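# A closer look at the structure
What follows is the residue order along each chain.
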Amino acid sequence: MESLTDEDTSDKSMDILLSMSSGINEAKDLVNKCHGGNSSNSGCEEKITVKQLQKLIKRMGECLSSIPSSTFQNQEFAKVAMQSLAKEMNHAQFEVRETLELQHKEQECQKSSSKKQQKEHPEQKESDFSSIHVGVSRDTSQVLNSPLLIKFPEKKSIDSPSKYSNRSSRSSSAMPQMLEYAEPLYETFYCPLTKKIMEDPVTIESGVTCERAAITEWFEEFKNSEKIFCPITGKKLMNRVLRANVALKTTIEEWIARNEAAQIKVVRAALSLASSTTMVFEAIRDLQGICTRKKYNKIEVRNTGVLPLLVKFLEYRDRDVRCAALELLCELTEEDDEGKEMLVEMVDISTVIKMLSSGSLLIRQASLLLIHEFSKSQSFCQKIRSVPGGILILIRIKYNQSVDAFSSEKAEEILKNLEAYPENIKHMAENGFLEPLLNHLTEGSEEMQMEMTSYLGEIVIGNDSKAYVAERASPALIQMVHSGNTLSRSSAFKALAQISSYSPNAKILIKSGIIQIMAEEMFARRIYDEPMNSKNEAASILANIFESGIELDNLQANSHGHKITSDYILGNIIYMLNNSTPDELNISLIRILLCLTKSPKSMETIVSVMKQTEARYTLIELINNPHDELGVAAIKLLIELSPHIGYTLVERLCKIRGQPENLLLGHTMPEITERQAVSAKFLAKLPDQNLTLNLALIRKNSVPKILQMIDQIQIHGIRTSRYASAYLEGLVGILVKFTTTLYQPESLSTARNYNLTVLFTELLMKTSSDEVQRLSAIGLENLSLESVHLSVPPRIEKTKSWKRSLPKFQSFGSSNKRKIRICPVHRGVCSSQDTFCLVEANAVKSLLACLDHENSEVVEAAMSAVCTLLDDRVDVDNSVSILSEANAVQHVLNAVKEHKEEGLQQKSFWVIEKFLMKGGDNSASDISQDRLLTATLISAFHHGNGNTRQMAEKILRLLNKMPNFPNSIYKL
C-alpha cells in the first residue's frame, strides 16, 4: 500500500520491506539457536542470544513505526494493530527460562548474598517492593532474573467449564507468548496465607499484610482462645485490629489496570490479524476473563475498537469462535446501557436471530442470552419487528419448555421486555402469542386499551384462538362500546365484528351481554358527532351471532322485556329496512331477518309486517341494486318469503322494467356468480301455477336462453364453479313451472317445441344434483298427466262411394305403407314431443332407477311420475306389463324397505296394490315372498295415518294375511 500511495517514497518503502524481511530471517535463526541449545548449558551463550533477539525485535519495531499513517487509508484496525505491535516491539524484554533445579540453586545463592549485604550495610532497610517477575515492560530497570508468568482467572461460561477443554489443550502454543506477559510483579502483592494477589490488603499488629478474608478466617480459629499468634511471624498479638493498607491496595489496582490495558491491546491486535482459528478463540477467551475481573474493563475494551471485530466473528466459520463471541458480547452489554446501544447499531440482528435455529445448543443459548440483553435496549425493541420471523422464533422457543426449559424461560423474558413497545405486541399477536395483547387490553391504561383494541380489529386471529380471545376480551370490548369515547368505540366495534364472525363464539358473546348493547345501538342510542355509523356495526355483529345457529326465541333485546323475536323488534328492523339506509346496514338487516325466518313464530310476524308495509316492494327494488352483496341478500330473503307472499311478489316484479327476464342475464361460463344462482332460484321458487310469471318469461324469449345455459353447464360440468349446481337447479325449476300451466296454449307450445320430456329424461341420469333429479321427475309427472288428454286414436276418413273408398282402404292396410303406432298405455297416437308420453320418451327405466336413490324426495318424485302410468284413465294392464318387464316391482319393494316417509309409503303401497290386482301370478309371487314388506305393512297398519292404514290393510288382504269378509257381514 505504501508503494502505491506515493511514487517518490518507493525507495523508502523498499528499504522498510527489505529490513523487515532480513530481520525475520535473522530472528528465525536466533530462535532455532535457542531451541537447539543444551538445557544444561544455560549460561552466557543463551543470555547473549536472547539479548541479540531483543535488539533485533526493537529494530524491527522501529521499521514498523516508520510506516506513514497515510498508508493505511481507511483501514483503521490495521493501523491500530500495527502501531500497537510496533510499540510493544520497541519495549520488548526477554530472558532465559531456567529449570526448577537451577532456579532453586540461584534463589539460595541470592538469599545468602542478600544476608551478607545486610550485615555489611545494616543501615539499609529491606525494600517493600522486590520484583519477582519480568515480562513486556516499559520500565526495564526493574527486571530481575527470576521470571514468573501471571495467569488471571478466566470467565466461567453458561454451561460446563470443560466445554472448550479440547480447544484449550491444543492451543497453549498458538497464541503469541506476549499475551501472557505483564509488568513486573512484586512480592508484597501476594498474600502470605493464600499465595494469591491481594484484593483487599489489611495489616495486623505484627506488621504483616494479608488478605482481609484470609486473616479474618485465621482469627476465627482463635475465637475461643485468649492468645492469638501471627500466622507468619508467630508473634503473640495483643489485638485483632485490621488496618486497611490503602497504599498497597491502590498500587495493586493500578498494576492490574496497566497490565489489563496492555493485554487488551495485544488481544485486539490478535483479533485483527486472525491468523488462525485457535488464536482468535484464545483472544476472545482472554477478553472474557478481563471483562469479568472489573466492570471498567468493559468500557476499556469498547473504547479500543474491539466491538466491530467481535461482531465480525459472529459469522466466523468455527462454531466455538461464534459461541465465544456471543458470550463476550453478552458480557460487554451487561449493566452497560451505552454499550448495548452501540452493539445494537453494529450487530446485524437477523444474524443473531438465525443462530436461534442453530444445531448447537450452546450457540442457541448464547445467542438467546445476547438477545436478552439487547431486549433491554430501546433501539433493539424497535428493530426486532423488522427482522422477518424474529418474534415468531422467540415465541416458538417460549412454547418449547419441555425441550429446553432454560431457553424457554429466557425467550419469555425477552418477549416481556419487547412489550414495552405496542407494535411488538401486535407482531406477537399476529404470530399466535395473544397473551400480551389481551393482558394490556384488560388491565392496561385507557390509551393502551384503545391501541390494543385497534390491533385486535386489524390482525387475523386463527380459529383455534378466537374462542379464547372472545372469553378474555369480550367483556372489556362491550364495556368500551357502551361507555367509551368515539375512537375506542370504533376500535371495539371492529374487534367484536371479527370475534363474532366465528360461530362458536356466539354463546360467549351472548353470556357477556352483547345482545342488549347492540340492540340499544341499533334502535335507541343516538350519537350525532360520531364519524362512524354505530348502527351498521351493531347490526353486522348481531347478524354474525344469529347466523351461528343459536336459538333466537328467548334472547332478550332490551331492559323492557322485549325478545329479539317480538313484534316490536321485528317491526323496528323492517321499518329501518323500508327507509333509506346505507347499503351496509341494509345487508346486515336482511341477514338478521333471514336468520329470524327460521323460526315459525318469527316468520309469521315478518310476513304480517311485510304485508302491511311497503318493505316487500323495497326488497323487490333491491334486486336491481348494483351492490352484489346487497342484491344477493335481498333475493335470499325473497326466496324465503315467496311461499307466503309469492303472488304479491310476482305482481310487483313483473311491473318493474326489464323484469323478470333480467334475472337470467349476465351469465358467462365458467364464471357463474352467486347472484346469478340465487336469481334463478328465486324465479323457480315463485308460485308454479302463476300464469302471469310464466307468460312473461315465455314472451320475453327466456326459454331458449335457459336451455342454452343448461347445455353449457352440462358441457363444462358443475365443478367449474361453486355456484354452478345451484344455478342449474334454478334453471330446471323454471322449466318445471311451464309444465304446471299446460292448459295455456303458449305453455303447451313451449313444452312441445323444446321437447321438455326428453330434456327431463336426460337430466334424470346426467346430473349428480339430487334437486335437479327431483325437479326433472316432477316435470315428467306433470307432462305425463297431460298425455291422456293429448293422445287420441288415429282418424280414418269415410268416403261417399264404395268405389272411391276401396282403393283407399287397401292403401291403408297395404304392407307397403307404414302402420300407425298405437300407444299401449294411452290407447292413441303418442310421441315424446307432442303428447309427452313417458313410454315413447324411454323415461320408464330412468324413473325406476331413481327409486333406488338415497334421497327420499327424489324417490317420491320418481314414484309419483310412475304412478301416472297406472292411473285409471290409462290402460293399466298394459302399463303393468311394461313396468314388469322393467322389473318395477323389485324397485318399488326396495323403496319401501329404505324409506319410511308417510307420503312415499302411500304411493308405494298404491303401486303394489295395482301390481297385485293386475300383474298376475308372477308379480303376486314376488310381492308375497318379500318378508320385510309384510313387516312394513303390519307396522303401517298399526301406526300409520288413516289413508296409509287402509292401503296397508287392503294389501294384507290381497296377500291373505288378513281375513277377507264379504260385504254382507258388515251389513249384519
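Report follows, based on the coordinates. (Residues numbered from 1 in each chain as written. Predicted model: local features only at pLDDT ≥ 70, side-chain atom pairs only at ≥ 80, totals over all residues. Heavy atoms only, no water.)

## Thoughts on the packing of helix α12 (residues 319-333) against helix α15 (residues 361-374)
- At a minimum axis distance of 9 Å, the contact between α12 and α15 shows a crossing angle of 25°. One element, α12, and the other, α15, form an angle in the roughly parallel class. The handedness of the crossing between α12 and α15 comes out as left-handed. Across the interface between the two elements, Arg319, Arg322, Cys323, Leu326, Glu327, Leu329, Cys330 and Thr333 from α12 touch Leu362, Ile363, Ala366, Ser367, Leu369, Leu370, Glu373 and Phe374 from α15.
- Here the residues of the contact of α12 with α15 sort into 10 nonpolar, 2 polar and 4 charged. (Axes fitted to C-alpha atoms, helices over the stretch in contact; angles between N-to-C directions. Helix = DSSP H or I, 4+ residues; strand = E, 2+ residues; numbered from the N terminus. Parallel < 35°, antiparallel > 145°, perpendicular 65-115°, else oblique. Left-handed = near helix turned anticlockwise from the far one by under 90°. Contact = heavy atoms within 4.5 Å. Nonpolar A, V, L, I, M, F, W, Y, C, P; charged D, E, K, R; others polar.)

## Remarks on unusual backbone geometry
- Cis geometry marks the peptide bond from Gln659 to Pro660; its omega dihedral reads 10°.
- With respect to the helices and strands, the residue Pro660 is situated in the loop between α31 (628-653) and α32 (674-685).
- The residue Asn701 is not glycine, and still its phi comes out positive at about 60°.
- Assignment of secondary structure puts Asn701 in the loop between α33 (691-699) and α34 (702-716).

## Quick notes on the pattern of salt bridges
- A full pass over the atoms with the stated rule returns 25 salt bridges.
- Measuring nitrogen to oxygen at the nearest pair gives 2.7 Å for the salt bridge that ties Asp200 to Arg212. Placement of the pair is Asp200 in the loop between α6 (165-169) and β1 (201-203) and Arg212 in helix α7 (residues 212-221), with a sequence separation of 12 residues.
- Given the relative accessible area of 23%, Asp200 is considered partly exposed.
- The class of Arg212 is partly exposed, set by a relative accessible area of 30%.
- In this structure, the salt-bridge partner of Lys636 is Glu674, at a minimum N-O distance of 2.9 Å. (Salt bridge = Lys/Arg side-chain N within 4 Å of Asp/Glu carboxyl O. Buried < 20%, exposed > 50% of the residue type's maximum accessible area, 1.4 Å probe, protein only.)

## As for a nonpolar patch on the surface
- On the surface, Met14, Leu17 and Leu18 cluster together into a nonpolar patch covering about 320 Å² of accessible area.
- Positionally, Met14 belongs in helix α2 (residues 10-36).
- For Met14, a relative accessible area of 46% puts it in the partly exposed group. (Patch = residues over 30% accessible without salt bridge, like charges linked within 9 Å, V, L, I, M, F, W, Y side chains within 5 Å. Areas by Shrake-Rupley, 256 points an atom, 1.4 Å probe, with all protein chains shown as cover.)

## Some details on helix α37 (residues 756-765)
- Where burial is concerned, most of α37 is hidden: 7 out of the 10 residues are buried.
- When α37 is considered as a whole, its buried residues turn out to be Leu756, Thr757, Leu759, Phe760, Thr761, Leu763 and Leu764.

## Structural notes on the nonpolar core
- Ranked by internal contacts, the top residues of the largest apolar core, which has 175 residues, are Leu456, Leu477, Met518, Phe546, Ile590, Leu619 and Phe682.
- Sequence-distant contacts of Leu456, defined by excluding residues within four places in its chain, comprise Leu437, Leu441, Ile461, Val469, Ala473, Leu477, Ala495, Gln498 and Ile499.
- By size, the runner-up hydrophobic cluster in this structure holds 61 residues, among which are Phe313, Ile349, Ile414 and Leu418. (Core = buried A, V, L, I, M, F, W, Y, C linked by side-chain atoms within 4.5 Å.)

## Some details on the sheet that holds strand β2 (residues 209-211)
- The 3 strands lie next to each other as β2-β1-β5, forming an open sheet whose pairing is antiparallel. A single partner strand is all that each edge strand has here, and the edge strands are β2 and β5 (243-244).
- Taken together, the 3 bridges between β1 and β2 define a ladder with antiparallel strand orientation. Bridge pairing in β2 links Val202 to Cys210. (Pairing = 2+ DSSP bridges.)

## Describing the packing of aromatic side chains
- Scanning the model with the defined rule gives 5 aromatic pairs in all.
- Measuring from centroid to centroid gives 5.4 Å for Phe313 and Tyr316, while their planes differ by 70°, and the two rings are edge-to-face. Accessibility assignment for this pair places Phe313 and Tyr316 in one class, buried.
- Each ring, one from Tyr399 and one from Phe433, has its centre 6.2 Å from the other, and the planes form 90°; the classification is edge-to-face. Here Tyr399, found in helix α17 (residues 390-399), pairs with Phe433, found in the loop between α19 (422-430) and α20 (435-443); they are 34 residues apart in sequence, far enough to count as distant.
- On the basis of relative accessibility, which here comes to 48%, the residue Tyr399 falls in the partly exposed class.
- We classify Phe433 as buried; its relative accessible area is 6%.
- The ring of Phe313 carries Lys312 above its face, with NZ or CZ at 5.3 Å from the centroid. (Phe/Tyr/Trp six-rings, centres within 6.5 Å; stacked < 30°, edge-to-face > 60°. Lys NZ or Arg CZ within 6 Å of the ring centre and 35° of its normal.)

## Observations regarding the environment of Asp29
- Mapped onto the fold, Asp29 is located in helix α2.
- For Asp29, a relative accessible area of 53% corresponds to the exposed category.
- The spacing of Asp29 and Leu53 is 24 residues in sequence and 9.6 Å in space, taken between C-alpha atoms.

## Side note on the side chain of Ser791
- Within the secondary structure, Ser791 sits in the loop between α38 (770-790) and α39 (802-813).
- With relative accessibility at 6%, the residue Ser791 sits in the buried group.
- At a separation of 3.5 Å, a polar atom in the side chain of Ser791 contacts the main-chain carbonyl oxygen of Val829.
- If near-sequence neighbours (up to four positions away) are discounted, Ser791 is found in contact with His826, Gly828, Val829, Cys830 and Thr835. (Polar contact = N/O pair within 3.5 Å; in protein donor to acceptor, adjacent residues only side chain to side chain.)

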